[in-house]
Amino acid sequence: ALGRGLAELHGWEVVIVTENAYRDMVKGQATVSGGAIRWRPSGGDTTSRVNDKLSQWAINLKVTARQTNAMQNVFLARSEVEFFKSEPAVYFWAERMRPDLLMFGFTMATVTMIVSESLDIPLMGFILQPTSIPSRAYPPIVPLRESRFKQLTQDGHEQEHSRFKFYKKLMESIEMPDMSGGKH
């Protein structure tokens, strides 16, 4: 919808760099009255990765709120590892096409920042997970209680960064096997 709006209302050429599984969906939306919508491959196969037995076990694990926060950190850290494999393709298309702007979704933030900085192309995040940035329309998954305000200090911010840094390093050091014995 965003791509169609940018193309039709503003005449933008929108290039969506994503996995092969989404090619037909992107191309199916490419008929626009102004601008253009194009697809380019990034590689990867998130659908099969998310649907494997280990991922489904982790996604469906029934845990407490504190454990849920830890699992979300693990998933986010692991997503950086999983999606980083797309960086060469994203870099290739950005270098070749020299867009005016790079726009990324939640899981591609790190990759897009690297490409943006390297090629000096501005970037903008388009976050599709509304409860990660709460609003009146989409309340947070875990409401912020007054007793937790103390965690919004610089020290609390640094503790949260340190915790996520731990999960990120952990996920980067783990080679995740798929359930058939191969490696991703």
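Rules used in this analysis
Residues numbered from 1 in each chain as written. Predicted model: local features only at pLDDT ≥ 70, side-chain atom pairs only at ≥ 80, totals over all residues. Heavy atoms only, no water. Core = buried A, V, L, I, M, F, W, Y, C linked by side-chain atoms within 4.5 Å. Buried < 20%, exposed > 50% of the residue type's maximum accessible area, 1.4 Å probe, protein only. Helix = DSSP H or I, 4+ residues; strand = E, 2+ residues; numbered from the N terminus. Contact = heavy atoms within 4.5 Å. Phe/Tyr/Trp six-rings, centres within 6.5 Å; stacked < 30°, edge-to-face > 60°. Lys NZ or Arg CZ within 6 Å of the ring centre and 35° of its normal. Pairing = 2+ DSSP bridges. Right-handed = clockwise from strand over helix to strand, strands pointing away. Arc of directions from axis to C-beta. Axes fitted to C-alpha atoms, helices over the stretch in contact; angles between N-to-C directions. Left-handed = near helix turned anticlockwise from the far one by under 90°. Nonpolar A, V, L, I, M, F, W, Y, C, P; charged D, E, K, R; others polar. Patch = residues over 30% accessible without salt bridge, like charges linked within 9 Å, V, L, I, M, F, W, Y side chains within 5 Å. Areas by Shrake-Rupley, 256 points an atom, 1.4 Å probe, with all protein chains shown as cover. Salt bridge = Lys/Arg side-chain N within 4 Å of Asp/Glu carboxyl O.

Q: Mind laying out the nonpolar core, listing which residues take part and the relevant values?
A: Nonpolar side chains in soluble globular proteins tend to be buried together. Judged by nonpolar contacts, Phe83, Val90, Ala94, Leu102, Phe104, Met108, Ala109, Val111, Val115, Leu119 and Ile121 together constitute the single largest core of 11 residues. Taken together, the elements giving at least two residues each to this core come down to helix H6 (87-97), strand S3 (102-104) and helix H7 (109-119). Examining the composition of this core, we find that 4 residues originate from one element, H7, more than from any other. Sequence-distant contacts of valine 115, that is, excluding residues within four places in its chain, are made with Glu87, Val90, Tyr91, Ala94, Leu102 and Asp120. Ranked by size, the runner-up nonpolar core spans 7 residues in total, among them Leu6, Val14, Ile37 and Trp39.

Q: Give me the packing of aromatic side chains: which residues, what numbers.
A: To describe a pair of aromatic rings, you give the distance between the ring centres and the angle between the ring planes. This structure, assessed with the given rule, holds 1 aromatic pair. Aromatic pair phenylalanine 92 and tryptophan 93: ring centres 4.9 Å apart, planes at 80 degrees, arrangement edge-to-face. Overall, phenylalanine 92 belongs to the partly exposed group, its relative accessible area being 40%. A cation over an aromatic ring shows up here: arginine 40 above the ring of tryptophan 93, its NZ or CZ 5.4 Å from the ring centre.

Q: How would you explain the pairing of strand S1 (residues 13-18) if you had to name every residue and give the values?
A: Regular strands place side chains that alternate from one sheet face to the opposite one. In this sheet, strand S2 (residues 36-41) lies alongside S1 in parallel orientation, the contact comprising 6 bridges. Counterpart to valine 17 in the pairing with S2 is arginine 40. For the crossover that starts at S1, traverses helix H2 (residues 23-28) and ends in the parallel S2, the hand is right-handed.

Q: Mind laying out H7, listing which residues take part and the relevant values?
A: Note that an α-helix has 3.6 residues per turn; residues three or four places apart therefore point the same way. Ala109, Val111, Thr112, Val115, Ser116 and Leu119 are the residues of H7 that are buried. Each buried residue of H7 sits inside an arc of 160 degrees when the element is viewed along its axis, so together they form one side. Two residues or fewer after H7 comes aspartate 120, characterised by a positive phi angle close to 55 degrees.

Q: Report on the packing of H6 against H7, specifying residues and quantitative values.
A: Between H6 and H7, whose axes approach to 10 Å, the crossing angle comes to 35 degrees. Of the two possible hands of crossing, H6 and H7 adopt the one that is right-handed. Residue-level contacts link Glu87, Val90, Tyr91, Ala94 and Glu95 of H6 to Val111, Ile114, Val115, Ser118 and Leu119 of H7. The residue makeup of the contact of H6 with H7, split by class, is 7 nonpolar, 1 polar and 2 charged.

Q: Quick one: what's the story with the environment of alanine 70, residue by residue and with numbers?
A: Mapped onto the elements, alanine 70 comes out in helix H5 (residues 65-84). It is 8.8 Å that separates the C-alpha atoms of alanine 70 and tyrosine 167, two residues lying 97 residues apart in sequence.

Q: Give me a nonpolar patch on the surface: which residues, what numbers.
A: Judged by side-chain polarity, Leu2, Met103, Met124 and Phe126 come together as a nonpolar surface patch covering roughly 320 Å² of accessible area. Assignment of secondary structure puts methionine 103 in strand S3.

Q: I'd like a description of the side chain of glutamate 19, backed by residues and values.
A: Tracing the backbone through its elements, the reader meets glutamate 19 in the loop between S1 and H2. When its relative accessible area of 7% is taken as the criterion, glutamate 19 is described as buried. When sequence neighbours within four positions are dropped, the list of residues in contact with glutamate 19 reads Trp39, Ser42, Gly43, Gly44, Asp45, Thr46, Thr47 and Phe83.

Q: Outline the pattern of salt bridges, supporting the account with residue identities and numerical values.
A: Tallying each qualifying case throughout the model produces 3 salt bridges. A salt bridge links glutamate 8 to arginine 4, with the nearest nitrogen and oxygen atoms 3.1 Å apart. With glutamate 8 and arginine 4 both in helix H1 (residues 2-10) and 4 residues apart, the pair spans about one turn of that helix.

Q: Tell me about the environment of proline 99, and please be specific about residues and values.
A: By the element assignment, proline 99 lies in the loop between H6 and S3. A residue is classified by how much of its surface remains accessible, and proline 99, at 28% relative accessible area, is partly exposed. For the pair proline 99 and valine 14, spaced 85 residues apart in sequence, the C-alpha separation works out to 9.1 Å. Among all residues touching proline 99, those that are not within four sequence positions of it are Ala94 and Ile121.

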